[in-house]
Amino acid sequence: MASPTATAVLTQLAFAARLSVGIMFTLSALPKVRRPPTFVRSVMAYDVLPAGVARVFAAALIPAEVFLALAFLTGWWPAVALPLGALVLLAFLIAVGINLRRGRRIPCGCFGEASEAISPRTLARLLLLLAAILLLAVVSGTGWISLPDLGSLLADRSALPSLLDTAGLAVFLIVLAAWLLHLPEVILLVRHLRWNQSSTSNPQGR
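Residues numbered from 1 in each chain as written. Predicted model: local features only at pLDDT ≥ 70, side-chain atom pairs only at ≥ 80, totals over all residues. Heavy atoms only, no water.

1. Considerations on the overall build of the protein
Put simply, the rule is: Labels follow the DSSP assignment, with helices taken as runs of H or I lasting at least four residues and strands as runs of E lasting at least two, numbered in each case from the N terminus. Using a 1.4 Å probe on the protein chains alone, a residue whose accessible area is under 20% of its type maximum counts as buried, one over 50% counts as exposed, and one in between counts as partly exposed. Should any heavy atoms of two residues lie within 4.5 Å, those residues are considered in contact.
Helices and strands together make up the secondary structure of the protein, namely 8 helices and 0 strands. Mapped in sequence order, the helices and strands of the protein form the string α-α-α-α-α-α-α-α. Looking at the protein as a whole, 34% of its 206 residues are labelled buried. In the protein, of all internal contacts separated by at least 6 residues, the share reaching a separation of at least 24 is 69%.

2. Regarding helix 2 (residues 36–45)
Of the residues making up helix 2, those classed as buried are T38, F39, V40, S42 and V43. Looking one or two residues past helix 2, D47 carries a phi angle of roughly 55 degrees, positive in sign.

3. Brief notes about the nonpolar core
Let me state the cut-off plainly: Side-chain atoms within 4.5 Å are what join buried Ala, Val, Leu, Ile, Met, Phe, Trp, Tyr and Cys residues into a set we call a nonpolar core.
By size, the foremost hydrophobic cluster in this structure holds 37 residues, and its most contacted members are V21, F25, F39, Y46, F72, L89 and I133. If one sorts the elements of this core by residue count, helix 4 (residues 78–101) sits on top with 9 residues. In this view, V21 contacts F72, L129, A132 and I133; residues no more than four positions away in its chain are not counted. F15, L19, L153 and A170 belong to the second largest nonpolar core, which has 6 residues in total.

4. Observations regarding a nonpolar patch on the surface
Threshold: Each patch is assembled from residues with relative accessible area greater than 30% and no salt bridge, linking like charges that lie within 9 Å and nonpolar side chains (Val, Leu, Ile, Met, Phe, Trp, Tyr) that lie within 5 Å. Throughout, the Shrake-Rupley method with a 1.4 Å probe supplies accessible areas, and for residues the shown protein chains are the sole cover considered. Any carboxyl oxygen of Asp or Glu within 4 Å of a side-chain nitrogen of Lys or Arg constitutes a salt bridge here.
On the surface, V33, V66, L70, W76, W77 and V80 cluster together into a nonpolar patch covering about 550 Å² of accessible area. Structurally, V66 can be placed in helix 3 (residues 51–74).

5. Comments concerning the pattern of salt bridges
Scanning the entire structure with this criterion turns up 3 salt bridges. When the shortest N-O distance is used, the salt bridge between E65 and K32 registers 2.9 Å. Here E65, found in helix 3, pairs with K32, found in helix 1 (residues 4–34); they are 33 residues apart in sequence, far enough to count as distant. What makes E65 buried here is its relative accessible area of 2%. Residue classification places K32 among the buried residues on the basis of a relative accessible area of 2%.

6. Looking at unusual backbone geometry
Phi is positive for D47, close to 55 degrees, though the residue is something other than glycine. Within the element layout of this structure, D47 appears in the loop between helix 2 and helix 3. In this structure, W77 is a non-glycine residue whose phi angle is positive, near 55 degrees. Here W77 shows up in the loop between helix 3 and helix 4.

7. Quick word on the packing of helix 3 against helix 4
The relative placement of two packed helices is expressed as an angle between their axes plus a distance between the axes. Keep this limit in mind: Whenever a helix is involved, its axis is fitted only over the stretch in contact; in every case the axis is a line through C-alpha atoms, and angles between N-to-C directions fall within 0 to 180 degrees. By the definition adopted for this analysis, an angle is roughly parallel if under 35 degrees, roughly antiparallel if over 145, roughly perpendicular if from 65 to 115, and oblique otherwise. Crossing handedness: left-handed means the near helix sits turned counterclockwise from the far one by under a right angle, and right-handed means the same turn made clockwise.
Look at helix 3 against helix 4: their axes get within 10 Å of each other, and the N-to-C directions meet at 135 degrees. As far as their axial angle goes, helix 4 and helix 3 are oblique. As for the relative orientation of helix 3 and helix 4, their crossing is left-handed in sense. Here helix 3 contributes F57, L61, E65, F67, L68, A71 and F72 to the contact with helix 4, which in turn contributes V80, A81, L82, L84, G85, V88, A91 and F92.

8. Thoughts on the packing of aromatic side chains
Aromatic ring pairs are reported here in terms of the distance separating the ring centres and the angle at which the planes meet. Selection rule: The rule is short: rings of Phe, Tyr and Trp, with Trp giving its six-membered ring, pair when the centres are within 6.5 Å, and they are stacked under 30 degrees, edge-to-face over 60, tilted in between.
With the rule as written, the count across this model stands at 3 aromatic pairs. Taking the centre distance of 5.9 Å and the plane angle of 15 degrees together, the rings of F25 and F72 count as stacked. Pair noted here: F25 is in helix 1 and F72 is in helix 3, with a separation of 47 residues, a long-range link. Residues F25 and F72 agree in their burial class; the two are buried. Considering the side-chain rings of F67 and W77, the 5.5 Å spacing of their centres and the 35 degrees angle between planes classify their relative orientation as tilted. One end of the pair, F67, is in helix 3; the other, W77, is in the loop between helix 3 and helix 4, and 10 residues separate them in sequence. Take F67: its relative accessible area is 23%, and that puts it in the partly exposed class. By the ring-pair criterion, three or more aromatic residues cluster together here, those being F67, W76 and W77.

Structure follows, in structure tokens:
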């Protein structure tokens, strides 16, 4: 059995992971709510489903992502949010994988019009989110640790500092994940800068 300290740390990490997933679904849902036709066109561009089915599927995804954002941020309805979130991410994983296999570089549509083109990094981001949801499903299913919901935290004013700390940790996890996903580009940039520096310091060695 884990010590009380270890349990408290794991609880905060799992809570932060849940908030991170909620923040990501919020960032994903907001541009789709503002411009539904743009998202519908993005889903149709994947060319995985028939046009009519793709329109209905895209239209259904918008309220689904709004629900998932609220559910993961608040901790409400986990029995619905966890499997639904996994299914949504799996659907995107399959669609992105099919189009990468076809050699297509279409906009992913994940975060509205500013979305980048699909790439292996898109798959990695989806897999990270899916792994977080699976972790939360294990935590929820085993009852090993209990995650608080937003209502109980707001009702207890003494819990506000802890909530702010966990929210900060959630943002840190998102930033860390984004940095890791861009690590190959960072490594290439560092190598390029080092090569330029060595070329400048040794002009005769060119």
